[in-house]
Amino acid sequence: MRRMFRLLFLVLIGLVAGIIVYEGIMFVRVLLLKNRNPSSTSLSDARARETEANGQQPKREQTWVPLEKISPNLQRAVLAGEDTNFTTHHGFDYEALQRAFEQAQRETSREAKAEGENDDWLPSLPEFKRGGSTITQQLAKNLYLTSQRSLLRKAQEAALTVMLERTLTKRRILELYLNVIEWGDGIYGAEAASQHYFHKPASALTVNEAAFLSAMIPNPRTVFNPQVNPRRVARRQRIIMRGMPYIKLP
C-alpha cells in the first residue's frame, strides 16, 4: 500500500512539473508577442489543414499593419460588437455580454418582424459573441488553441488570457487581434478584409464599412457571411453602429 501511495505521489509530482514547464513555455511565447508578430495562428493553421483534407489548395490573404494604420472607426466597431468594456476589464467580462446580448435580441427580433420575417434568426449565445469571450480570450484561442470544447481547453484559455493581459498593453492586444482574426475564407486581419470587401486600406474605412466588418466577426463563414445571410449582417451592423459613439479606445 505504501509503495502504491509513493507511486501515485511521484505521478502527481510529474504531472505538476509537466504543467509548470508547459505553462512556462507558453508564457515565453506570449512574452515574445511584445515585439514580434506571429507568422501564423492555430486558427489559420487549422483552416489550412481542413482545406488540404478536402483536396484543395489553402489560400491566405493577410497583410500586417500597425494599429495606427487601422481606422479608429473599425477599432470602435469591433469593440462595440465584441467587447464593450475592453479598456477596463482584465480579460473577462461576462455580465456586460449578457446585457448586450439580451438587448440586441429584443431589438433585432422587432426589426425582423417589421421586415416580415418570423423565424428566430438570431444564433445562440456562443455564436453571437464567442460564448462570452472577451477580445483577449478570443486572441488566446485564435493564437494557440483548437476549437475543441472542453474544460481543459477553457482552463488553458483562461491561463493564456491572464498572461496576455499581464504581459501586453491593451493597444498591443487590440493590434494583434485585428491582424489575426478571420474575416472570411482565407481572409485574416483588418487590412486584408478591408481590401477584399471594400478595395481600400483599413485606415480609410468609414463608420458604415467598419460596422459591416465587425458584424461578421462571430462567424464570417456561415452565420454572418454577408453573401449567405445579408439581412442578419445588416441587422447586427445597425446594432454595432448604435454603440460605437460610446466606445472608448485604449
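From a predicted model like this one, the values you see are computed outputs, not experimental measurements. (Residues numbered from 1 in each chain as written. Predicted model: local features only at pLDDT ≥ 70, side-chain atom pairs only at ≥ 80, totals over all residues. Heavy atoms only, no water.)

*Asks:* Is there a simple way to explain the overall build of the protein chain in this structure?
*Replies:* Helix and strand counts for the protein chain come out as eleven helices and zero strands. Listed N to C, the secondary structure of the protein chain is α-α-α-α-α-α-α-α-α-α-α in terms of helices and strands. Taken over 250 residues, the protein chain has a buried fraction of 46%. Summing over all exposed atoms, the protein chain offers an accessible surface of approximately 13,600 Å²; the carbon and sulfur share of this is 56%. (Helix = DSSP H or I, 4+ residues; strand = E, 2+ residues; numbered from the N terminus. Buried < 20%, exposed > 50% of the residue type's maximum accessible area, 1.4 Å probe, protein only. Areas by Shrake-Rupley, 256 points an atom, 1.4 Å probe, with all protein chains shown as cover.)

*Asks:* Looking at this structure, I do not really get the environment of Gly-189. What am I missing?
*Replies:* Position of Gly-189 relative to the elements: it lies in the loop between helix H8 (170–180) and helix H9 (190–198). Separated by 126 residues in sequence, Gly-189 and Thr-63 place their C-alpha atoms 7.0 Å apart. If sequence neighbours within four positions are ignored, Gly-189 has contacts with Leu-178, Asn-179, Val-180, Ile-181 and Trp-183. (Contact = heavy atoms within 4.5 Å.)

*Asks:* Sorry if this is basic, but what is going on with the packing of helix H3 (residues 72–82) against H8 here?
*Replies:* Between two packed helices, the angle of one axis relative to the other and the distance separating the axes together describe the packing. In contact at an axis separation of 12 Å, H3 and H8 are set at 90° when each is read in the N-to-C sense. If you check the angle between H3 and H8, you find them roughly perpendicular. Every residue of H8 that contacts H3 at Gln-75, Val-78, Leu-79 and Glu-82 is listed here: Leu-174, Tyr-177 and Leu-178. Classifying every residue of the contact of H3 with H8 by side-chain character gives five nonpolar, one polar and one charged. (Axes fitted to C-alpha atoms, helices over the stretch in contact; angles between N-to-C directions. Parallel < 35°, antiparallel > 145°, perpendicular 65-115°, else oblique. Nonpolar A, V, L, I, M, F, W, Y, C, P; charged D, E, K, R; others polar.)

*Asks:* I tried to follow the nonpolar core on my own but got confused; where do I start?
*Replies:* Among soluble globular proteins, nonpolar side chains are generally buried collectively. With 49 residues, the main nonpolar core has Leu-74 and Trp-183 as its most contacted residues. Elements that contribute at least two residues to this core include exactly helix H1 (2–32), H3, helix H6 (135–144), helix H7 (151–167), H8, H9, helix H10 (207–216) and helix H11 (230–243). Beyond its immediate chain neighbours, meaning those up to four positions away, Leu-74 contacts Trp-183, Ala-190, Leu-205, Ala-210 and Leu-213. (Core = buried A, V, L, I, M, F, W, Y, C linked by side-chain atoms within 4.5 Å.)

*Asks:* How should the side chain of Asn-179 be read in this particular structure?
*Replies:* Positionally, Asn-179 belongs in helix H8. Judged by relative accessible area, Asn-179 falls into the buried class, the value being 0%. Looking at Asn-179, its side chain comes within polar contact range of the main-chain oxygen of Val-65, at 2.9 Å. Filtering out sequence-adjacent residues up to four positions away, Asn-179 remains in contact with Gln-62, Thr-63, Trp-64, Val-65, Ile-70, Tyr-188, Gly-189 and Ala-190. (Polar contact = N/O pair within 3.5 Å; in protein donor to acceptor, adjacent residues only side chain to side chain.)

*Asks:* Can you help me understand the packing of aromatic side chains in this one?
*Replies:* To describe a pair of aromatic rings, you give the distance between the ring centres and the angle between the ring planes. Applying the stated criterion across every chain yields a total of two aromatic pairs. Between Tyr-197 and Phe-212 the ring centres are 6.2 Å apart and the planes differ by 70°, which places this aromatic pair in the edge-to-face class. Of this pair, Tyr-197 sits in helix H9 while Phe-212 is found in helix H10, placing the two residues 15 residues apart along the sequence. Classification of Tyr-197 as partly exposed rests on a relative accessible area of 23%. Look at Phe-198 and Phe-212: their rings are 5.7 Å apart centre to centre, the planes differ by 75°, and that puts the pair in the edge-to-face class. Residue Phe-198 is located in helix H9, and its partner Phe-212 is located in helix H10; the two are separated by 14 residues in the primary sequence. (Phe/Tyr/Trp six-rings, centres within 6.5 Å; stacked < 30°, edge-to-face > 60°.)

*Asks:* Whenever I open this one, the pattern of salt bridges confuses me. Can you help?
*Replies:* When their charged atoms lie close together, side chains carrying opposite charge are able to pair. Taken as a whole and judged by the stated rule, the model has twelve salt bridges. Of the charged contacts in the structure, one is a salt bridge between Glu-50 and Arg-47, with a shortest N-O distance of 3.6 Å. One end of the pair, Glu-50, and the other, Arg-47, are both in helix H2 (residues 42–53), three residues apart, so they sit about a helical turn from each other. Since its relative accessible area comes to 21%, Arg-47 is described here as partly exposed. As a salt-bridge pair, Glu-209 and Lys-200 come within 3.1 Å of each other at their nearest N and O atoms. (Salt bridge = Lys/Arg side-chain N within 4 Å of Asp/Glu carboxyl O.)

*Asks:* I keep staring at the environment of Asn-37 and nothing clicks. Help me out?
*Replies:* Residue position: Asn-37 is located in the loop between H1 and H2. Distance in space between the C-alpha atoms of Asn-37 and Val-180 is 9.8 Å, their sequence separation being 143 residues. Excluding its chain neighbours within four sequence positions, the residues that come into contact with Asn-37 are Trp-64 and Arg-172. For Asn-37, the side chain forms a polar contact with the side chain of Trp-64, separated by 3.4 Å.

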